[in-house]
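Architecture and fold: a report
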Amino acid sequence: MFVKLCGLRTEADVAVAVDAGADAVGFVLTSSPRQIDADLVRGLVAAVPSDVLTVAVVRGISAAEAGELALKTGVRALQLHGDYPKEAFDELSGLPFQLVRATALGPGTDVRTGAFGEELLLIDSPVAGSGEQWDITRLAADPPTGKWVLAGGLAPDTVAEAINVARPWGVDVSSGIESSRGVKDHGRMREFVAVARAAARRG
């Protein structure tokens, strides 16, 4: 089970995520309670082992701006969150980072990983970063394919059931591991990784 911990902002957040066994760590570079400066992200990324994927998360900016931020921070992946068209992914193809397409599930959403040229697909709540749970049973009608990550409303006490229902390749969490908005709870970070892995092992 691939586990991404998102919205990290401090050296301690990163150290705990790595120690807990997270497969990926996300840094929000655009407007959000979790937003941090690109220069700070570059310093945090430098401390992450090469086997942990570093992800810049952006929304509401152009593909060109997003690409510049990803290059500046040195991340290994760029997550375009929201209604980015395929042309945005085409514009960024060939640059030295993976692409993650993050979208809510709506009418006509293409849930095939790679449909826009991305390496990972992330299916999120309609209100990203809110911590609101959403009806993941809707995924059963048109199950995503390939390497896809479930997000939205996940927390240590909900992730096991979500894995059992949706059968994702991976899970992503941000608000569900916080003590207050934008502030990570290191105990909840560790618990989330442990519970997600245990649920995946149970199959």
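Heads up: these notes are all about the structure in this document. The model shown is predicted, which means the values in this text are computed figures rather than measured ones. (Residues numbered from 1 in each chain as written. Predicted model: local features only at pLDDT ≥ 70, side-chain atom pairs only at ≥ 80, totals over all residues. Heavy atoms only, no water.)

Here's the deal with the packing of aromatic side chains
Under the counting rule described, the total for this entry stands at two aromatic pairs. Seen from their ring centres, Phe 2 and Trp 169 are 4.7 Å apart, and the 20° between their planes marks the pair as stacked. Taken together, the residues Phe 2 in strand S1 (residues 2–5) and Trp 169 in the loop between helix H5 (159–166) and strand S8 (170–173) connect sequence positions 167 residues apart. An angle of 75° between the planes, with centres 5.8 Å apart, marks the rings of Phe 89 and Phe 116 as edge-to-face. One end of the pair, Phe 89, is in helix H4 (residues 86–92); the other, Phe 116, is in the loop between strand S5 (98–104) and strand S6 (120–124), with 27 residues separating them in the sequence. (Phe/Tyr/Trp six-rings, centres within 6.5 Å; stacked < 30°, edge-to-face > 60°. Helix = DSSP H or I, 4+ residues; strand = E, 2+ residues; numbered from the N terminus.)

Things to note about the packing of helix H1 (residues 11–20) against helix H6 (residues 186–202)
Look at H1 against H6: their axes get within 9 Å of each other, and the N-to-C directions meet at 25°. Here H1 is positioned roughly parallel relative to H6, judged by the angle of their axes. Where H1 crosses over H6, the two elements pack in a sense that is right-handed. In contact with Ala 12, Asp 13, Val 16, Ala 17, Asp 19 and Ala 20 of H1, H6 contributes His 186, Met 189, Arg 190 and Val 193. (Axes fitted to C-alpha atoms, helices over the stretch in contact; angles between N-to-C directions. Parallel < 35°, antiparallel > 145°, perpendicular 65-115°, else oblique. Left-handed = near helix turned anticlockwise from the far one by under 90°. Contact = heavy atoms within 4.5 Å.)

Quick notes on the pairing of S5
Counting buried residues along S5, five of its seven residues qualify, which places the element largely inside the surrounding structure. Note that strand S4 (residues 77–81) and S5 share five bridges and pair parallel. Opposite Ala 77, over in S5, you have Gln 98 as the bridge partner. Taken together, S4, H4 and S5 constitute a β-α-β crossover, and its handedness is right-handed. Relative to S6, S5 is paired through five bridges, and the arrangement is parallel. (Buried < 20%, exposed > 50% of the residue type's maximum accessible area, 1.4 Å probe, protein only. Pairing = 2+ DSSP bridges. Right-handed = clockwise from strand over helix to strand, strands pointing away.)

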